[in-house]
Amino acid sequence: MQVGKVTAEALRAMKGRSKIAALTAYDYPLTRLLDEVGVPLILVGDSLGMVVLGYPDTTHVTLAEMEHHTRAAARARPRALLAADLPAHTYDTPEQALASARQLVAAGAEAVKAEGGAAIRPQVEAIVGAGIPFLGHIGMLPQHVREEGGYHIKGRREGEREALLADARALVEAGAFAVVLELVSPPVAAEITAAIPIPTIGIGSGPACDGQILVTNDLVGTFPWFTPRFVKPRLQAFALMRTAITEWMAEL
Ligand code: KIV
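Since the model is a prediction, treat every value here as computed from it, not as a measurement.

Student: Could you give an account of the overall build of the protein chain, naming the residues involved and the relevant values?
Tutor: From N to C terminus, the protein chain includes 11 helices and eight strands. A globule of 252 residues ought to have a C-alpha radius of gyration of about 18 Å, and the protein chain, at 18 Å, matches this closely. Counting only residues that meet the buried cut, the protein chain has 51% of its 252 residues in that class. Sequence-distant contacts, at least 24 apart, represent 60% of the contacts inside the protein chain between residues at least 6 apart. By element, 59% of the accessible surface of the protein chain is carried by carbon and sulfur atoms, the whole surface being about 11,900 Å².

Next comes the structure, spelled out in structure tokens:
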């Protein structure tokens, strides 16, 4: 259990000391539950698009939708650091990135995340320069899933490995406090983790990262129609709900 408010600086200082647990939440009750359990980093992820809003991928999520769900999560007033995703095409320029980040902060986010490394460095610098903590995200970038034709592991080819290291370093230089590594080949994730001074938070990137993040719905079985290969669900919550609802109907 955390004591006192978790800040971006405190998370950064966890590197090399304790593993960082991070999970997604998109509403008040789950944010409150994760916070009561002591999860130090809660992300209002744009995975919201698939596991709550029924879109086929994250590219359809709007800033207004992210603001709405960030407001709901923020009402839980978590001790955890509450980060929110900048959705696709809300950070195409540094000016747009800063304006969008400010909207998420006004909705209650304490940090923002966007996808990309060196390519979005000016955007990250604008956000960090305005005093908003920034969480990086490199590797497989779900907002680019349509161009990439699926969710593929990154870093297996030498060119990809070098680009990932350069992206991680660009984010450090731009002032990110941590970086999510999504579907990065585990040896490359380990190499990045050793090479940079900020925590890496892996998702499907092996055990060497400084922390791990999952979509909570995948972990507890509240989106049973698709579970990523790297997730071992700890609970089948929807199966339990299905039984409870069916039994209630039978007793009417
Ligand atoms: O949108 C999301 O939930 C994410 C995490 C799973 C890293 O980006």
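Student: Go over unusual backbone geometry with me, naming the residues and quoting the values.
Tutor: With a phi angle near 45°, Arg-77 is a residue other than glycine that sits in the positive phi range. As for its position among the elements, Arg-77 is in the loop between α4 (63-74) and β3 (81-85). The backbone of Leu-183 sits at a positive phi, close to 50°, despite the residue not being glycine. Along the chain, the position of Leu-183 falls in the loop between β6 (178-182) and α9 (186-195). The exposure class of Leu-183 is buried, given its relative accessible area of 10%.

Student: Which residues make up the nonpolar core, and what are the values?
Tutor: If you look at the biggest cluster of nonpolar residues, it comprises 50 residues, and the most contacted ones within it are Leu-104, Val-112, Ile-127, Phe-134, Leu-181 and Ile-192. Of all the elements, helix α8 (residues 158-174) adds the most residues to this core, at five residues.

Student: Tell me what's going on with the pattern of salt bridges, and back it up with residues and numbers.
Tutor: Applying the stated criterion across every chain yields a total of 11 salt bridges. Where Glu-125 meets Arg-121, a salt bridge forms, and the shortest distance between an N and an O atom there is 2.9 Å. Taken together, the residues Glu-125 and Arg-121, both in helix α6 (residues 121-129) and four residues apart, mark about one turn of the helix. Accessibility expressed as a relative area gives 27% for Arg-121, which makes it partly exposed. For Arg-161, the salt bridge goes to Glu-158, with nearest N and O atoms at 2.7 Å. Of this pair, Arg-161 and Glu-158 are both found in helix α8, three residues apart, which corresponds to roughly one turn of the helix. The structure contains a network of salt bridges with shared partners spanning Arg-121, Glu-125 and Glu-173.

Student: Give me the lowdown on the site of the ligand, citing residues and values where you can.
Tutor: The ligand sits among Thr-24, Leu-43, Gly-45, Asp-46, Ser-47, Asp-85, Lys-113, His-137, Val-180, Ile-203, Ile-213 and Val-215. Separating an oxygen atom of the ligand from a side-chain N or O atom of Asp-46 is a distance of 3.0 Å. Here an oxygen atom of the ligand sits 2.8 Å away from a polar atom, N or O, in the side chain of Lys-113. If the ligand stood free it would expose 250 Å²; the protein chains cover 96% of that surface. Per-class residue counts for the shell around the ligand are five nonpolar, four polar and three charged.

Student: Outline the packing of aromatic side chains, supporting the account with residue identities and numerical values.
Tutor: In total, this model carries two aromatic pairs according to the counting rule given. Here the aromatic residues Phe-223, Trp-225 and Phe-238 are joined through ring pairs into a cluster of three or more.

Student: Please set out the layout of surface pockets residue by residue, giving values where relevant.
Tutor: If you add up the space inside the largest pocket, you get close to 690 Å³. Contributing to the lining of the largest pocket are 30 residues, with Tyr-151, Glu-182, Ile-203, Pro-228 and Phe-230 lying nearest its centre. Here the residues of the lining of the largest pocket sort into 16 nonpolar, seven polar and seven charged.

Student: So what's going on with the side chain of His-69? Residues and values would help.
Tutor: For His-69, the position within the fold is in helix α4. A residue is classified by how much of its surface remains accessible, and His-69, at 13% relative accessible area, is buried. In this structure, His-69 is in contact with Tyr-26, Val-44, Leu-48, Val-52 and Leu-53, ignoring residues within four places of it in sequence.

Rules of the game
Residues numbered from 1 in each chain as written. Predicted model: local features only at pLDDT ≥ 70, side-chain atom pairs only at ≥ 80, totals over all residues. Heavy atoms only, no water. Helix = DSSP H or I, 4+ residues; strand = E, 2+ residues; numbered from the N terminus. Rg over C-alpha atoms; globule rule 2.2 N^0.38 Å. Buried < 20%, exposed > 50% of the residue type's maximum accessible area, 1.4 Å probe, protein only. Contact = heavy atoms within 4.5 Å. Areas by Shrake-Rupley, 256 points an atom, 1.4 Å probe, with all protein chains shown as cover. Core = buried A, V, L, I, M, F, W, Y, C linked by side-chain atoms within 4.5 Å. Salt bridge = Lys/Arg side-chain N within 4 Å of Asp/Glu carboxyl O. Near = heavy atom within 4 Å. Polar contact = N/O pair within 3.5 Å; in protein donor to acceptor, adjacent residues only side chain to side chain. Nonpolar A, V, L, I, M, F, W, Y, C, P; charged D, E, K, R; others polar. Phe/Tyr/Trp six-rings, centres within 6.5 Å; stacked < 30°, edge-to-face > 60°. 1 Å grid on protein atoms, 1.4 Å probe; cavity = no way out; pocket = protein on both sides within 12 Å on 5 of 7 lines; lining within 4 Å. Points joined across faces, edges and corners; volume = space filled by probe spheres on them.

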